[in-house]
Amino acid sequence: MEVKNVTVAGGGVLGSQIALQSAYKGFNATMWLRSEGSIERTKPKLERLRGIYKTTLEAMKTDPQAYCRGLAPSPEMPPEDIDALIKQVDVAFDSITLTTDLAEAFGSADLVIEAIAEVIDEKEAFYTSIKDLLSEEAIICTNSSTLLPSAMMSFTGREDKFLALHFANNIWKNNTAEVMGTAETSPESYQTVVDFAKAIGMIPLELKKEQPGYLLNSMLVPFLNAAEALLANDVADVETIDKAWMLGTGAPLGPFRILDIVGLNTAYNIVAASPAAQDPNSVAARIAQMLKQRIDEGKTGINAGAGFYTYTNS
């Protein structure tokens, strides 16, 4: 099956990135959002990403260290070829369709990438709402960070054409795509998604079987949870915890900077869904309360201009 029309459900941190990257690589990209308000909140995210893409490409003309694997085939490109890619960013940005209409979004989709909240009831409602609108050949992927596709496949009505395609944040730079099927996923659907990932400039990471958290988040989530626990238990403040990690490992970012990039809503949904969080005296419950307080204050991460840190030029 050849993929031409890609619909991304959700306009969050990764949903916006997936849509722009797909359009940038020549696919017809549509974003489905729940409301007109969601559309208005998504537009500045796309605008911000367009600026990042163009600024990064411009920097590549003179700085080899600025090279991003997802944006260009080689770090050694003549300036005129980079200028063509910069124009391509604007074309991609202008081509993305934002809609709240289910039929418009999914009626002609070859590939659907679901990137909505990490709440299984919401995912069930979403899949149920679109399953009769899709063509028989359409493939659905979930970008879920923690939920297994086998836990959701029955909602779709097409178990053989459902699997996980999980992206790392900043996909133009950290261009990995974890591909994880279920026991019911057909080899043809799996290969189509691998080929699509390559076509949008990603490096497919093919999992042999289901794993909660895939590869990246199996390592990342425990790391972030450990940092959140240190803060929730008043062991140290945000800056000190980040400094300990950065100075001790040479990492460019600490866990709370990473949480701001991931988005506090995602972090909250993950911890709130854990069985441990049901005990109000548990560390998990304190972490959830800490995150919820910031979310209620509008401090949801870098896209909101504030999370654990404040961002004046985000």
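See the structure above.
Residues numbered from 1 in each chain as written. Predicted model: local features only at pLDDT ≥ 70, side-chain atom pairs only at ≥ 80, totals over all residues. Heavy atoms only, no water.

Visitor: Whenever I open this one, the pattern of salt bridges confuses me. Can you help?
Guide: Tallying each qualifying case throughout the model produces twelve salt bridges. Between E122 and R34 there is a salt bridge, with its nearest N and O atoms 3.6 Å apart. Residue E122 is found in helix 5 (residues 120-130), and its partner R34 is found in the loop between strand 2 (28-32) and helix 2 (36-60); the two are separated by 88 residues along the sequence. Of the charged contacts in the structure, one is a salt bridge between D160 and K161, with a shortest N-O distance of 3.2 Å. Among the charged side chains, a network of salt bridges with common partners joins E47, R50, K54 and D90. (Salt bridge = Lys/Arg side-chain N within 4 Å of Asp/Glu carboxyl O. Helix = DSSP H or I, 4+ residues; strand = E, 2+ residues; numbered from the N terminus.)

Visitor: Whenever I open this one, a nonpolar patch on the surface confuses me. Can you help?
Guide: Residues I203, L205, L215 and M219 make up a contiguous nonpolar surface patch of about 350 Å² in total accessible area. The topology assignment puts I203 in strand 8 (residues 203-206). I203 gets classed as partly exposed once you look at its relative accessible area, which sits at 39%. (Patch = residues over 30% accessible without salt bridge, like charges linked within 9 Å, V, L, I, M, F, W, Y side chains within 5 Å. Areas by Shrake-Rupley, 256 points an atom, 1.4 Å probe, with all protein chains shown as cover. Buried < 20%, exposed > 50% of the residue type's maximum accessible area, 1.4 Å probe, protein only.)

Visitor: How should I be thinking about the pairing of strand 4 (residues 111-114) in this particular structure?
Guide: Looking along a regular strand, one sees the side chains alternate between the two faces of the sheet. Judged by which residues are buried, strand 4 turns out to be covered on both faces: L111 and I113 on one side and V112 and E114 on the other are all buried. In this structure, strand 1 (residues 5-9) lies alongside strand 4, joined through four bridges in parallel fashion. Counted as the bridge partner of V8 is I113 from strand 4. Pairing of strand 4 with strand 5 (residues 139-142) involves four bridges; the strand directions are parallel. When the sheet's bridge partners are listed, E114 is paired in strand 5 with T142. This β-α-β element, strand 4 to helix 5 to strand 5, shows right-handed connectivity. (Pairing = 2+ DSSP bridges. Right-handed = clockwise from strand over helix to strand, strands pointing away.)

Visitor: Help me understand unusual backbone geometry, please; the structure alone is not making it clear to me.
Guide: The phi torsion of most residues other than glycine is negative, and most of the peptide bonds are trans. One non-glycine residue, N170, lies in positive phi territory at about 60°. With respect to the element layout, N170 can be found in the loop between strand 6 (162-167) and strand 7 (176-180). One non-glycine residue, D234, lies in the positive phi region at around 60°. Structurally, the position occupied by D234 is in the loop between helix 8 (216-232) and helix 9 (238-249).

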